[in-house]
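Notes for the structure review
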Amino acid sequence: MTTSTAMATGVPAVRPYESYVYAYPHKTAYRPLPERPVLRELWAAERKDALSLYLHIPFCEVRCGFCNLFTRIGAPEELTTRYLDALDRQAVAVRDALGDGEPVWFAAAAFGGGTPTFLTAGELERLCDIAEKRMGTDLRAVPLSVETSPSTATADRLAVLADRGTTRISIGVQSFVDAEAKAAVRPQRRAEVEGALGRIRDARIPVLNIDLIYGIDGQTERTWVTSLDAALAWRPEELYLYPLYVRPLTGLHRLGAGVTGPEAEALEQAAWDEQRLRLYAVGRDHLLAHGYEQVSMRMFRRADAPRESADGPEDYACQTDGMIGLGCGARSYTSALHYSFDYAVDMRKIRNIIDDFTATEDFSRAEVGRYVDASEARRRHLLQSVLQAAGLPVADYRARFGTDPWADFPAELAEFAARGWLDEGAPEGLLRLSPLGLAHSDALGPALFSPGVRAAMAAYERK
């Protein structure tokens, strides 16, 4: 909501860019689990007929200035081999914990990071073998998404991924303008990016996603459209448009980018917010005019692209179905507990966590996590539904919880309505965001965090 809109409605303005809600609760709300619950017991009563499998590779050739992902630069002294050895041990333990009392089936799979294609072609073969031979996932029969980068999208790696059933490849480009890439501390040249995109298309992987970032220092509407048009030239099935964030302990934060100090900070932050909102609107309108449909604030899909590429397969629902995460940066979800390993952004601490992971022999217990009670489950369902452009069918919510989102979250939804964030013209029984609400997803999402999760995140010691 801009200042002028706030004045017109009488509702105080909020910052439009609080936090990107890609999962709830956030990892900074996780804590060491004193009882270290046994995985077999955690999964005993869970449905296992529509799981999602995620394998995390915490290595990159460089670390971009905006990145706060759990990843390290390089992998000296055969570290990737040791990491894959540990991943193999973990997969054996986790598959054993799932048991054979009922069918175990994975409806979707993904390799993320880091940069999975940091691995060599041979190592990627082994990664696929872990997913298939250890976990029992038929990678050629389910959607498989893999992240890559311009410098690691080599022909031999892509050939392995295509042969093993990859249906979607996502490449982080961020900007086709070399000066903007440099400003984001992302060492790449447009020629390198174009070469990688050519190799991806040659590999004939069905869905190509290109990530772009807006809000970079020096970026203008003209240069933003230059990047959008350069991406559109490849007719990607998907495009993700990300607002730039400068988070603590990242390269840009250490360089003093963004804002950090009282009155000047407020003025500079407001100007940056306005820039990002303006560029978001330019990007959204440009893609809609070129035959793309908006799936969420960030995600746009070409109208003729495979439907499952954005929403996942029809038989997997992120609100209700479980996830198995393998790797030291991955998280797993049961209906009652979200769990992972320790989390860090600082490079030295990340290296220590990876070293500990590679030395682990016993993966039969959950180490770090957060329990999710019925109230948090309601919040998570609402969050993961309403932040999608399609919205939340109230009947689905009522069928799962026996109540109504307006009854469970009266204050929050009333505030969203007052701000103009809810679509008043939505069909009856559908809770859906307005275009203004979608634009403010990074304010709306955090506003739905519970007091307990907020307190845990605030108390988290950054490392």
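Residue numbering note: each chain is counted from 1, following its sequence as written. Local features in this predicted model are restricted to residues whose pLDDT is 70 or higher, and side-chain atom pairs enter the listing and the counts only when it is 80 or higher, whereas totals over whole chains, interfaces and linings include all residues. Hydrogens and waters are ignored; side-chain quantities use all the structure's heavy atoms.

**Remarks on the overall build of the protein**
- Each helix and strand counted, the protein has 19 helices and 17 strands in total.
- Residues classed as buried in the protein amount to 56% of the 463 residues present.
- What makes two residues a contact is simply this: any of their non-hydrogen atoms within 4.5 Å. Intrachain contacts of the protein at a sequence separation of at least 6 include 77% that bridge at least 24 residues.
- Here the accessible surface of atoms and residues is derived via Shrake-Rupley with a 1.4 Å probe, and residues count as covered only by protein chains that are part of the display. On the protein, roughly 19400 Å² of surface is accessible, and the fraction owed to carbon and sulfur atoms is 53%. Secondary structure is summarised from DSSP: a helix means a run of H or I of at least four residues, a strand means a run of E of at least two, and numbering begins at the N terminus for each. Throughout this description, buried means an accessible area under 20% of the type-specific maximum (1.4 Å probe, protein chains only), exposed means over 50%, and partly exposed covers the range between.

**Details of the nonpolar core**
- The definition of a nonpolar core used throughout is a set of buried Ala, Val, Leu, Ile, Met, Phe, Trp, Tyr and Cys residues joined through side-chain atoms within 4.5 Å. Formed by 110 residues in total, the largest nonpolar core has its most connected members in Leu-212 and Ile-324.
- With 10 residues, the single largest contributor to this core is helix α3 (residues 79-98).
- If we ignore the near neighbours within four places in the chain, the residues touching Leu-212 are Val-173, Gln-174, Ser-175, Phe-176, Trp-224, Ser-227, Leu-228, Ala-231, Leu-239, Tyr-240, Leu-241 and Tyr-242.
- Residues Ala-184, Ile-216, Leu-244 and Val-295 belong to the second largest nonpolar core, which totals 9 residues.

**Let's talk about the confidence of the model for the protein**
- For every residue, the predictor states its confidence as a pLDDT score lying anywhere from 0 to 100. Looking at the protein, pLDDT values average 89 and 89% of them are 70 or higher.
- Low confidence marks residues 247-255, where pLDDT is under 50. Its contacts with residues over four positions away, or in another chain, come to 27 contacts.
- Segment residues 309-316 is flagged for pLDDT under 50; beyond a separation of four residues in sequence, or across chains, it makes 25 contacts in the model.

**Thoughts on the pairing of strand β7 (residues 168-174)**
- By the criterion of burial, β7 is predominantly enclosed, with 7 of the 7 residues buried.
- Neither face of β7 is exposed, since Arg-168, Ser-170, Gly-172 and Gln-174 on one face and Ile-169, Ile-171 and Val-173 on the opposite face are all buried.
- For a crossover, the right-handed case is the one in which the path from the first strand over the helix to the second runs clockwise, viewed with the strands pointing away from the viewer. In this fold, the crossover linking strand β6 (residues 144-148) to β7 by way of helix α5 (residues 155-163) has right-handed handedness.

**Notes on the pattern of salt bridges**
- Whenever a carboxyl oxygen of Asp or Glu lies within 4 Å of a side-chain nitrogen of Lys or Arg, that contact is scored as a salt bridge. This structure, assessed with the given rule, holds 32 salt bridges.
- In this structure, Arg-40 engages Asp-96 in a salt bridge whose closest nitrogen and oxygen atoms are separated by 3.2 Å. Of the two residues, Arg-40 sits in helix α2 (residues 39-43) while Asp-96 sits in helix α3, which places them 56 residues apart along the sequence.
- The exposure class assigned to Asp-96 is partly exposed, which follows from its relative accessible area of 47%.
- The shortest N-O distance in the salt bridge between Glu-238 and Arg-168 comes to 2.8 Å. Here the residue Glu-238 occupies a position in strand β9 (residues 238-243), and Arg-168 occupies one in strand β7, the gap between them amounting to 70 residues. Taken as a pair, Glu-238 and Arg-168 share a single burial class, namely buried.

**Looking at the packing of helix α13 (residues 374-386) against helix α14 (residues 394-401)**
- With axes taken as lines fitted to C-alpha atoms, and helix axes fitted only over the stretch in contact, angles between N-to-C directions fall between 0 and 180 degrees. Put simply, α13 and α14 touch, their axes get as near as 11 Å, and they point 160° apart. It follows that α13 is roughly antiparallel to α14 by the angle criterion. The two elements α13 and α14 cross, and the hand of that crossing is right-handed. Between α13 and α14, the residues in contact are Ala-377, Arg-378 and His-381 and Tyr-397, Arg-400 and Phe-401, respectively.
- Under this grouping Gly is polar, as are all residues other than the nonpolar Ala, Val, Leu, Ile, Met, Phe, Trp, Tyr, Cys and Pro and the charged Asp, Glu, Lys and Arg. Here the contact of α13 with α14 is built from residues that sort into 3 nonpolar, 1 polar and 2 charged. When an angle is under 35 degrees it counts as roughly parallel; over 145 it counts as roughly antiparallel; between 65 and 115 it counts as roughly perpendicular; any other value is oblique. Handedness of a crossing is defined here by the sense of rotation of the near helix relative to the far one, left-handed for an anticlockwise turn of less than a right angle and right-handed for a clockwise turn.

**Points about α5**
- Turning to α5, its buried residues number three or more, namely Arg-157, Leu-158, Val-160 and Leu-161. Relative to the axis of α5, the buried residues are bounded by an arc of 155° and lie together on one face.
- Looking at the buried side of α5, the elements it contacts are α4 (121-134), β6, β7 and α7 (190-202).
- The first or second residue beyond α5 is Gly-165, which carries a positive phi of 105°. Directions pointing from the helix axis toward each C-beta atom define the arc.

**Side note on the pairing of strand β8 (residues 207-214)**
- Buried residues dominate β8, accounting for 8 of its 8 residues.
- Residues Val-207, Asn-209, Asp-211 and Ile-213 point to one face of β8 and Leu-208, Ile-210, Leu-212 and Tyr-214 to the other, with burial holding for every one of them.
- Each pair of strands is called paired provided DSSP finds at least two bridges between the two strands. Where β7 meets β8, 6 bridges bridge the pair, whose relative direction is parallel. When the sheet's bridge partners are listed, Gly-172 is paired in β8 with Asp-211.
- As paired elements, β8 and β9 share 6 bridges and run parallel to each other. When the bridges of β9 are listed, Ile-213 appears paired with Tyr-242.
- What joins β8 to β9 is helix α8 (residues 221-232), and the crossover it makes is right-handed.

**Let's talk about the environment of Arg-284**
- Along the chain, Arg-284 turns up in helix α10 (residues 262-289).
- Here the alpha-carbon distance between Arg-284 and Gln-294, two residues 10 residues apart in the chain, equals 7.8 Å.
- One polar contact links Arg-284 to Asp-285, side chain to side chain, over a distance of 3.0 Å. Contacts described as polar in this section are N or O atom pairs within 3.5 Å, which, within protein, must combine one atom able to donate a hydrogen with one able to accept it, while residues neighboring in sequence count only if both atoms come from side chains.

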